[in-house]
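Residues per chain are reported as follows:
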Amino acid sequence: MTRWLTGARDDPAERAHRVVPAALRAAYAWTVRHEHHDAMREVARMTGVVMEAHGPGHGPTTPIGLISCLRRRLGLLPALAGGRNTEISQVVLLGSDDRLTPDAYDLACEYALPVHGAPDAPQWMPTWTWMHADQIRRHTFKTLMDGRDQERYVASRRFLVENPAGLRSELGELIAESGVRPPPRGYTAIPSGHVHRSPDGRSWWWPCAVCHWPMAVAGTTVRCRHRPHSAVYRLTEATTAASRPSLSRIDEGRPRLARPVARPTADSLCVDSGIWRSVVVPGVSELRVKRSLEELGATVELWPRLDRYDLHVRAADEEFTVDLKEYHSAHRLIADLRSRPPEVRILLPKTHEHQLETLRTALPSLRVTTETKFCTEVRRALRTV
Ligand SMILES: [Zn+2]
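Residues numbered from 1 in each chain as written. Predicted model: local features only at pLDDT ≥ 70, side-chain atom pairs only at ≥ 80, totals over all residues. Heavy atoms only, no water.

In terms of regular secondary structure, the protein chain is built from 14 helices and 15 strands. A compact globule built from 385 residues would reach a C-alpha radius of gyration of about 21 Å, and the protein chain, at 22 Å, matches this within 12%. Projected onto the principal axes, the alpha-carbon positions of the protein chain cover approximately 70 × 60 × 45 Å. Counting contacts in the protein chain only where the partners sit at least 6 residues apart, residues at least 24 apart contribute 57% of the total. (Helix = DSSP H or I, 4+ residues; strand = E, 2+ residues; numbered from the N terminus. Rg over C-alpha atoms; globule rule 2.2 N^0.38 Å. Contact = heavy atoms within 4.5 Å.)

Okay, structure coming up:
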């Protein structure tokens, strides 16, 4: 069939582009079907999108058929079979416990997009299931940069990164004192998958030692949803009515993290999970890199000119400009860099330095470095004074 008859919609990459976000939306809706009465309607809507992408006689044809596909590797869906993106085709979205898998949070969320031709996602769907991270960031920053005052914008964005969760009263006081802008839609209740209910009826959450957002709770295992924040804990119930449940670390990672303390869920709030993933998680690395460069003796400006890029570094008489990229999927990062070539050098933080060679091979003209190499370069510039 000629291209003008089938159009771009017959392009395998374009089909995959529609199927992955629809599959993610259906998988999320399935996990909350007992809490939201129209969740099954969302699964049905997404089944329609997946059916349309596959064409007659291919792929799942009922909501239950789609759900059973989501318990297997996405690559088994005809639209994704034989594709070059092996990362996404290995992903299973739904675990046997009917929860989203870690891969759904880490990888599939980088493929989230508004689903073309489908109605807007219902209010109860978190933004990360249906908006591209860039859209969430733009939407958030638009609120923060109201007035186009650089100093206030940096203070508001930094506040969000440093205070993604806390007690309602504490957050209210901090916002009032500092005069920063709260995030769009404000702070919300701690999500249910991040809360532990003790047998005595009290409920608790724990901030991640790296990003300070509530860690996910599955049975007695507690860990941050962002896997590079690698600490994993086992919880032990409180022994007396006056005490709190406690955590003990069970992974063999970095030993230097402070052990998080349980906080009461009542009266606690946090930013929306989309803002956490798209703004807080990268922001934590941006602030950490800033700190380590300043310790070397450099001067670092955050998000200059209302976020034209991430860091402007002055070291002796040299200046450097970089944008940090913290994608789980190197494939997705390459696609995004191709569609919007960066104005400044890309910096891969320590947790993502392994992506350097993949990026160099795929995009030979890209200016890219790693946190380690960049620190060495800045140190060298400072030594020449
Ligand atoms: Zn974390």
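Back to the write-up after that little detour.
On the secondary structure map, V20 appears in helix α2 (residues 12–31). V20 sits in the buried class, given a relative accessible area of 3%. Each C-alpha atom, one on V20 and one on T61, is 16 Å from the other, the two residues being 41 residues apart in sequence. (Buried < 20%, exposed > 50% of the residue type's maximum accessible area, 1.4 Å probe, protein only.)

This brings us to the coordination of the zinc ion. Looking at the zinc ion, one finds its protein donor set to be C208 (SG), C211 (SG), C224 (SG) and H229 (ND1), positioned 2.2 to 2.4 Å from the metal centre. Note that the zinc ion binds 4 donor atoms; their angles at the metal cover 105 to 112 degrees, and the shape is tetrahedral. Linear spacing of the donor residues for the zinc ion on their chain is C-x2-C-x12-C-x4-H. On the criterion of sequence distance, the pair formed by C208 in the loop between β4 (203–205) and β5 (216–218) and C224 in the loop between β6 (221–223) and β7 (232–236) is long-range, its members being 16 residues apart. The buried category is assigned to C208, whose relative accessible area is 3%. (Donors = N, O, S within 2.8 Å, 3.2 Å for Na, K, Ca; no water. Tetrahedral: all angles 85-135°; square planar, octahedral: opposite > 155°, others 65-115°.)

What follows concerns the domain arrangement of the protein chain. Taken domain by domain, the protein chain holds domain 1 (3–131), domain 2 (190–270) and domain 3 (274–383). Taking both partners together, domain 2 and domain 3 bury about 700 Å²; carbon and sulfur atoms supply 75% of that area. Three residues stand out in domain 2 for area buried against domain 3, namely W213, H226 and P228, and they jointly supply 57% of the buried area on that side. The interface formed by domain 2 and domain 3 includes 0 salt bridges. Put simply, domain 2 and domain 3 have 1 residue pair in polar contact (both at pLDDT 80 or more) between them. Taken together, the residues that form the side of domain 2 that touches domain 3 break down as 5 nonpolar, 2 polar and 2 charged. (Domains from an automatic or database assignment. Buried area = accessible area lost by both parts, 1.4 Å probe. Salt bridge = Lys/Arg side-chain N within 4 Å of Asp/Glu carboxyl O. Polar contact = N/O pair within 3.5 Å; in protein donor to acceptor, adjacent residues only side chain to side chain. Nonpolar A, V, L, I, M, F, W, Y, C, P; charged D, E, K, R; others polar.)

Turning our attention to the sheet that holds strand β8 (residues 246–249). Taken in spatial order, the 4 strands line up as β5-β6-β7-β8 in an open sheet, and their pairing is antiparallel. At either end of the open sheet lies a strand with only one pairing partner, and these are β5 and β8. Neighbour-to-neighbour, the strand axes of this sheet turn through a mean angle of 35 degrees, independent of strand direction. Inspection of the sheet shows β7 paired to β8 by 4 bridges, in the antiparallel sense. Among the inter-strand pairings, T236 is bridged to a residue of β8, identified as S246. (Pairing = 2+ DSSP bridges. Axes fitted to C-alpha atoms, helices over the stretch in contact; angles between N-to-C directions.)

Tallied over the full model, the rule gives 1 cavity of 30 Å³ or more. Lining the largest cavity are C208, A209, V210, M215, C224, H229, S230, A231, Y233 and L257. Looking at the lining of the largest cavity residue by residue, the classes come out as 8 nonpolar, 2 polar and no charged. (1 Å grid on protein atoms, 1.4 Å probe; cavity = no way out; pocket = protein on both sides within 12 Å on 5 of 7 lines; lining within 4 Å. Points joined across faces, edges and corners; volume = space filled by probe spheres on them.)

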